[in-house]
Amino acid sequence: MATTPTNLPVPSESPIDLKFNAGKIDEFVTSMGWTYTDRFGQKHYTIEGINYLAQQAMAAFGYVILTGKTFTTGATINNPNEVLLNTADGEYYKWTGSFAGGPKVVPENSTPASTGGVGPGAWIGVGDASLRAALASSSGAGMVGYKNKGAYSVQQTVKDKLDRIYYASDYGVLTTNTAAVNTTNLQNMLNDLSGKSTITRIVFADQGTVFVNGPITVPNNTDIEIKAGVTVSGASGNLKPVFVSEKWAYVLSNRTVSGGFASNTSDLGNRSDYIGIWGGGTVDYNYSTGGAANGLEMHCICIASVARVKLGGGLEIKGAIKYSYLVANVQYLDAQGLRFNNNSDGLHLQPPIDYAYVRDLYGTTGDDMFAMTGGDYLDYDLGLRGTFNHIDVKGIYGINSLCAVKVAGNSTTPVRHLSVDGVYGSYQHSVIRMWTDGPNLSQTGVKTLNIDNVGGIAGAGYRTIEFKTVGTGTVTVDNALIGALSANYSSATVPVISVTTGSAGSSAVRLYNLECRCPRDVAYFLEVGGDGAGSDNSRIDNLKVNFDKTLLAASVADANGIRITRGQVNTMTLSGVIDAASNQAVVRKSSGKIERVIFDKLVQTNGFTLLSTGVNYDATTPALEFIGGFYSNPDKLVSLLSGFSVICAGNVVSSKTGEVFTTTTGVVNISGHMEYANSCIPSTAVSGVTWSVKGFGLFADVANATAVRGNHCYNTNSSLAGGVGPVAANGTSWLSVV
């Protein structure tokens with residue numbers, strides 16, 4: 001507007017101001033803008049602006065429904081917030097046109113279209129029918145807000161949330177398609193949608209079987225969910241993995257074989273960020289006959305070089321020639337709810353694995369439910385090397401699987417910490433194995449091992465837990481803690497726990513510290529050197545066993561808590577409560593070596609405490625200590641074929657007559673105090689046996705004890721000159737000290 005107004009006070013009668021205001025009246029009436037500016041620079045609402053405010057006010061305070069009136073009956077609309085029902089579509093409409101000429105009159109049997117039209121400045125729908133139509137449109141999800149309950153969640157729309165989830169069927173991955181078509185469509189879908197900086201969810205939701213020609217390569221930051229009732233399957237006669245991670249090909253390209261051993265030059269830091277494959281459905285390798293080109297194509301899902309991996313969620317893996325999962329070079333593995341129906345291993349890990357959180361493995365495997373191998377048999381070895389740092393496994397239930405847990409490795413693949421808790425079900429072989437297994441897995445080393453709550457049943461003739469070399473090699477465990485073993489082992493023909501080499505002479509098994517609980521019902525609990533040959537190299541430096549109210553099977557004549565067949569135990573500490581029958585033993589030794597045994601407050605009924613039918617292989621004599629404890633009617637406390645030394649510290653022997661210590665040869669040194677009112681040593685001399693007793697709290701028939709100066713005890717032989725009572729040796733005879 002070219003006219004420049006004055007600054008005269010209101011009301012101004014200046015012709016200039018009158019001309020300016022005439023233009024402003026036109027702007028107020030006809031402008032589509034919401035405001036205009038007066039001659040003093042102040043803004044005011046136009047008619048369009050006032051109409052907008054009215055619409056907002058009506059939206060805030062609601063509409064007035066003309067009860068009983070419809071477009072069919074006809075009506076008169078007097079105000080902009082009155083709404084009228086159109087029975088044809090069930091929608092309410094408001095009139096947004098002009099009321100300048102009076103009320104809006106709606107004739108009988110009319111429609112919004114026939115009496116003014118639909119749109120801005122005419123009739124506009126305000127009921128839920130319009131909302132339903134808008135929500136049902138392709139952009140409807142953008143109209144609904146969403147915010148989860150997380151402390152750091154942000155407000156977004158449902159569209160924003162759903163745009164990160166893609167359904168495979170929407171991209172032509174269908175149960176009705178051929179494997180070739182599905183393979184192309186699925187791989188294109190993954191390549192187009194995934195591999196981004198944020199995680200993309202790919203969902204298989206259509207019930208039935210989707211066939212593909214593997215391997216399907218899973219890009220970085222892909223989360224695949226396979227819902228219950230859905231099977232993703234290799235095509236008939238498949239000989240390839242169904243899914244592989246995006247770095248799988250890279251790792252394979254750097255694998256070489258020389259001299260029967262695999263190695264790999266891959267950069268271990270070259271990892272994807274995240275890959276997840278999970279859900280309540282099934283992945284089926286679908287093997288029928290024939291053989292794969294190489295062993296690394298025999299596994300169903302192969303994942304290598306990923307920082308974070310998520311597996312499980314109830315997903316079943318079936319039909320592979322070998323492993324359900326082969327996972328290697330992963331920083332963090334979250335595997336929960338894995339189901340197996342497979343010919344070989346379930347979840348198989350190769351190094352390096354920094355942290356693995358494994359929960360709830362269930363089903364049938366032709367080999368191990370859970371395996372960790374530092375390398376592998378050559379055909380299945382990726383050649384990667386490194387450490388298993390923190391492996392936490394809880395909840396395994398095998399159904400006639402070969403084994404629940406197996407660990408084997410070599411010198412470059414140590415296990416820092418392994419925890420196994422809650423192992424149940426039935427197995428054809430052992431339940432848990434710490435093994436070597438041939439030249440490729442010849443050196444297994446575990447720093448810390450925790451095993452607890454094991455109720456799985458081993459196959460006939462197999463131990464529940466084995467530390468063993470198969471062929472040559474070494475198994476070394478620094479610290480092992482074995483807790484509750486809950487099965488009934490009273491009818492087993494082999495020990496529950498075995499520490500032994502195989503038949504090869506150039507092998508060794510060494511446990512520096514082993515602590516375990518012997519269960520209640522058992523025939524044979526722990527054996528050292530059971531399978532070894534000749535000079536067995538099975539060794540436990542420090543063994544602690546707590547007998548948990550153990551009841552040795554009465555029907556097994558030679559039942560025992562600990563059996564030393566070959567090998568050696570340096571220090572053994574035994575405590576708890578154990579009931580035995582006559583001729584059974586807490587510790588039974590036939591060969592090998594025992595250096596020191598501490599019976600720490602042991603409570604024993606019947607049987608031998610320590611029975612040996614063979615001397616230490618190096619001719620050394622065992623050192624024994626009885627610290628407190630209560631022994632009711634034992635056959636003997638100690639019965640050996642060699643000399644030994646005993647320190648007694650207040651142990652009680654009751655319901656017993658005759659000696660409690662015997663041997664066939666050697667020097668026996670007994671000292672301390674024992675509450676037993678009969679002679680602890682034989683009354684009849686045996687050629688080649690010397691008894692030395694030191695302690696007025698020890699009852700002994702000194703007619704059979706050496707009178708070396710310094711020896712003293714409580715004499716039980718009334719025929720001697722000193723009579724019954726405290727006596728001391730003067731170098732040649734015993735004298736009463738009373």
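Above this text you will find the structure in question.
From a predicted model like this one, the values you see are computed outputs, not experimental measurements. (Residues numbered from 1 in each chain as written. Predicted model: local features only at pLDDT ≥ 70, side-chain atom pairs only at ≥ 80, totals over all residues. Heavy atoms only, no water.)

Participant: Describe the overall build of the protein, listing the residues and the values that go with them.
Facilitator: Counting secondary structure elements, the protein contains six helices and 53 strands. Here the protein has a C-alpha radius of gyration of 43 Å; the compact-globule value for 738 residues is 27 Å, and the former is much larger. Projected onto its principal axes, the C-alpha coordinates of the protein cover approximately 155 × 65 × 55 Å. When each of the 738 residues of the protein is scored for burial, the buried share is 50%. Only carbon and sulfur atoms are counted for the fraction: they give 53% of the accessible area of the protein, which is about 30600 Å². (Helix = DSSP H or I, 4+ residues; strand = E, 2+ residues; numbered from the N terminus. Rg over C-alpha atoms; globule rule 2.2 N^0.38 Å. Buried < 20%, exposed > 50% of the residue type's maximum accessible area, 1.4 Å probe, protein only. Areas by Shrake-Rupley, 256 points an atom, 1.4 Å probe, with all protein chains shown as cover.)

Participant: Before we move on, could you go through the nonpolar core and cite the residues and values that matter?
Facilitator: Membership of the largest hydrophobic core comes to 156 residues, with the highest contact counts inside it found for F243, L347, F370, F467, F525, I562 and F661. Core analysis: the next-biggest nonpolar cluster, separate from the first, contains ten residues, L66, Y93, A122 and W123 among them. (Core = buried A, V, L, I, M, F, W, Y, C linked by side-chain atoms within 4.5 Å.)

Participant: Quick one: what's the story with helix 1 (residues 15-30), residue by residue and with numbers?
Facilitator: The terminal C-alpha atoms of helix 1 lie 23 Å apart, and with 16 residues this matches the ideal 22 Å at 1.5 Å per residue to within 8%. Taken residue by residue, helix 1 has D17, F20 and K24 as its buried positions. An end-on view of helix 1 places all buried positions within 65° of arc, on one side of the element. The outward face of helix 1, more than 90 degrees from its buried face, is lined by the exposed residues P15, L18, K19 and I25. Turning to helix 1, the residues buried within the fold contact strand 1 (35-37). (Expected span 1.5 Å × (residues − 1). Arc of directions from axis to C-beta. Contact = heavy atoms within 4.5 Å.)

Participant: Go over the environment of L610 with me, naming the residues and quoting the values.
Facilitator: With respect to the secondary-structure elements, L610 resides in strand 43 (residues 608-612). For L610, the contacting residues outside a window of four places in its chain are V587, I594, F599, L624, L637, V638, S639 and L640.

Participant: I'd love a proper account of the packing of aromatic side chains, names of residues and values included.
Facilitator: If you walk through the whole model with that rule in mind, you get 14 aromatic pairs. Arranged with centres 6.4 Å apart and planes meeting at 75°, the rings of Y325 and F340 form a pair that is edge-to-face. No difference in accessibility class separates Y325 from F340, as the two residues are buried. Joined through ring pairs, the aromatic side chains of F599, F626, Y631, F644 and F661 make up one cluster. Geometry around W95 places K104 over its ring, the cationic atom sitting 4.2 Å from the centre. Looking at K310, its charged tip hangs above the ring of W278, at a distance of 4.0 Å from the centre. (Phe/Tyr/Trp six-rings, centres within 6.5 Å; stacked < 30°, edge-to-face > 60°. Lys NZ or Arg CZ within 6 Å of the ring centre and 35° of its normal.)

Participant: I'd like a rundown of empty space enclosed by the protein, residues and numbers included.
Facilitator: This structure, assessed with the given rule, holds three cavities of 30 Å³ or more. In this structure, the largest cavity spans a volume of roughly 60 Å³. In terms of lining, the largest cavity is formed by K589, I594, L610, S612, G614, V615, N616, P622, L640 and S642. Here the residues of the lining of the largest cavity sort into five nonpolar, four polar and one charged. (1 Å grid on protein atoms, 1.4 Å probe; cavity = no way out; pocket = protein on both sides within 12 Å on 5 of 7 lines; lining within 4 Å. Points joined across faces, edges and corners; volume = space filled by probe spheres on them. Nonpolar A, V, L, I, M, F, W, Y, C, P; charged D, E, K, R; others polar.)

Participant: Can you explain a nonpolar patch on the surface? Please cite residues and give values.
Facilitator: Together, Y362, Y397, I399 and Y424 give the surface a local cluster of nonpolar side chains, amounting to about 380 Å² of exposed area. Along the chain, I399 turns up in strand 26 (residues 388-401). (Patch = residues over 30% accessible without salt bridge, like charges linked within 9 Å, V, L, I, M, F, W, Y side chains within 5 Å. Salt bridge = Lys/Arg side-chain N within 4 Å of Asp/Glu carboxyl O.)

Participant: Run through unusual backbone geometry, naming residues and quoting values.
Facilitator: For the peptide bond that leads from V10 to P11, omega is -5°, which places it in the cis range. Tracing the chain through its elements places P11 in the segment before helix 1. The phi torsion at N221 lies on the positive side, around 55°, for a residue other than glycine. Residue placement: N221 occurs in the loop between strand 14 (216-218) and strand 15 (222-226). Exposure remark for N221: the relative accessible area of 4% places this residue in the buried category. One non-glycine residue, A619, lies in positive phi territory at about 65°. With respect to the element layout, A619 can be found in the loop between strand 43 and strand 44 (623-627). The exposed category is assigned to A619, whose relative accessible area is 65%.

Participant: Tell me about the environment of N410, residues and numbers included.
Facilitator: Looking at the element boundaries, N410 is found in the loop between strand 27 (403-408) and strand 28 (415-427). Using a relative accessible area of 14% as the deciding quantity, one classes N410 as buried. For the pair formed by N410 and G374, sequence separation is 36 residues and the distance between their alpha carbons is 5.8 Å. Discounting chain neighbours no more than four positions away, the residues touching N410 are G374, G375, R385, N440 and Q443. Among the polar contacts listed, one links the side chain of N410 to the backbone oxygen of G374, at a separation of 2.7 Å. (Polar contact = N/O pair within 3.5 Å; in protein donor to acceptor, adjacent residues only side chain to side chain.)

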